[in-house]
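Understanding the architecture of this molecule
If you want the building blocks of each chain, they are given just below.
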Amino acid sequence: MFDSCFHITDNSKIKLAEYSQYLKRYKITKAFIYYDNQKSLSDLKIFIDNCNNFKNLIPVAYITSKKNPLREINHITKCNYEFIKIHPRWLGVRMSNSKFYIKLFKLLSKTKLTILWCSFDSWEKEANESNQINLLSKLFNISKKNKKIIMHGGGPYLLKYYEKFRFIKNTYLDLSYTIEYYLDTSLKKDIIFLFQKFDEKILVGSDFPSFSLNKFKKSVNTILKQSKINNKKKNNKLIKNINNILNDN
């Protein structure tokens, strides 16, 4: 099984060894891992070097620079990262600033990086005034050759994202956090629908530490059971889809 969203705040070898064992304890063979305290270019190098000691940890770099993203992207590729996450709220660049994101995706389109985009619309002080899904359409058309993963699948707007991107090559829908947080709401039917109809483009994850691996596995198993899908479709979501992404990089 694969976990697409595993956050940490300590990137030391000792803590990474603990996280690696924690994943193995729950029979999670691989996980995207994010260092949430990334603040400098040196942090990126330390993080990937330490992660390389553990076969089940796949490090993901953040974009943190508003003024000079090219310098950061160049360093990320130099460090041999394959995955980069864009988290608009953490980055502090509102989606209404489409010029920034268009420039950013033009830079990313010149790399082989797989792009992970946080799709949550929850902004603390002022509501997101932009139509995120339309912005993503523009950005994804710019970066056609890059693989793109829509983290959290648009939250409560899962089916809108499914309909918009289901035919678009190299685009995946991740259900981390959403699959646990909305399990007891009407969104559960939408998640089951995606498991049944979109099996080759779905990834699942815990969003640890928001949810424990125990909670994550229980939620996924509940959806798998109620979706009544065959073993091939189960295998796609649990490991094959991410292996396809990794093997193509």
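A brief look at the structure comes next. Within every chain, residues take consecutive numbers counted from 1 along the sequence as written. Restriction of local features to residues with pLDDT of at least 70 applies here, the model being predicted, together with a cutoff of 80 or more for giving and counting side-chain atom pairs; totals for whole chains, interfaces and linings are based on all residues. Each side-chain value is worked out from all heavy atoms of the structure, with water and hydrogens disregarded.

1. Describing the nonpolar core
In plain words, nonpolar cores are sets of buried Ala, Val, Leu, Ile, Met, Phe, Trp, Tyr and Cys residues tied together by side-chain atoms within 4.5 Å. Relative accessibility under 20% of the residue-type maximum defines a buried residue, over 50% an exposed one, and the middle range a partly exposed one, all with a 1.4 Å probe and only protein chains included. Ranked by internal contacts, the top residues of the largest apolar core, which has 69 residues, are Phe6, Tyr101 and Phe195. Under the DSSP-based scheme used, a helix requires at least four consecutive residues in state H or I and a strand at least two consecutive residues in state E, with every element numbered from the N terminus. The greatest single-element share of this core, amounting to six residues, is contributed by helix α5 (residues 98–108). A contact between two residues is defined here by any heavy atoms of the two lying within 4.5 Å. Apart from the residues lying within four places of it in its own chain, the contact partners of Phe195 are Leu175, Ile179, Ile202, Val204, Ile223, Leu224, Ser227, Ile229, Lys233 and Lys237. Membership of the second largest hydrophobic core comes to 17 residues, among which are Phe2, Ile58, Tyr172 and Ile242.

2. Topic: the sheet that holds strand β2 (residues 30–35)
Reading across the sheet, the eight strands line up as β1-β2-β3-β4-β5-β6-β7-β8 and stay open at both edges, with parallel pairing between neighbours. A strand with exactly one partner marks an edge of an open sheet, and here the two such strands are β1 (2–8) and β8 (202–203). At least two bridges found by DSSP between two strands are what make those strands a pair. Bridging between strand β4 (residues 83–86) and strand β5 (residues 114–118) involves four bridges; their strand directions are parallel. Bridge pairing in β5 links Ile86 to Trp117. In the packing of helix α1 (residues 13–25) onto the sheet, contacts are made with β1, β2 and β3 (57–62), and the angle to β1 comes to roughly 150°. Between the N-to-C directions of two axes lies an angle of 0 to 180 degrees, each axis being a line fitted to C-alpha atoms and, for a helix, fitted only over the stretch in contact.

3. Side note on the environment of Leu70
Relative to the assigned elements, Leu70 resides in helix α3 (residues 69–78). For Leu70, a relative accessible area of 41% puts it in the partly exposed group. Along the primary structure Leu70 and Thr114 are separated by 44 residues, whereas in three dimensions their C-alpha atoms are 16 Å apart.

4. Re the pattern of salt bridges
Think of a salt bridge as a Lys or Arg side-chain nitrogen and an Asp or Glu carboxyl oxygen that are within 4 Å of each other. Enumeration according to the criterion identifies three salt bridges in this entry. Of the charged contacts in the structure, one is a salt bridge between Lys15 and Glu18, with a shortest N-O distance of 3.0 Å. With Lys15 and Glu18 both in helix α1 and three residues apart, the pair spans about one turn of that helix. Relative accessible area serves as the criterion here: at 26%, Lys15 is assigned to the partly exposed category. A salt bridge links Lys45 to Asp49; the shortest N-O distance between them is 2.6 Å. One end of the pair, Lys45, and the other, Asp49, are both in helix α2 (residues 41–51), four residues apart, so they sit about a helical turn from each other. Residue Lys45 is classed as partly exposed on the basis of its relative accessible area of 38%. Asp49 gets classed as partly exposed once you look at its relative accessible area, which sits at 34%.

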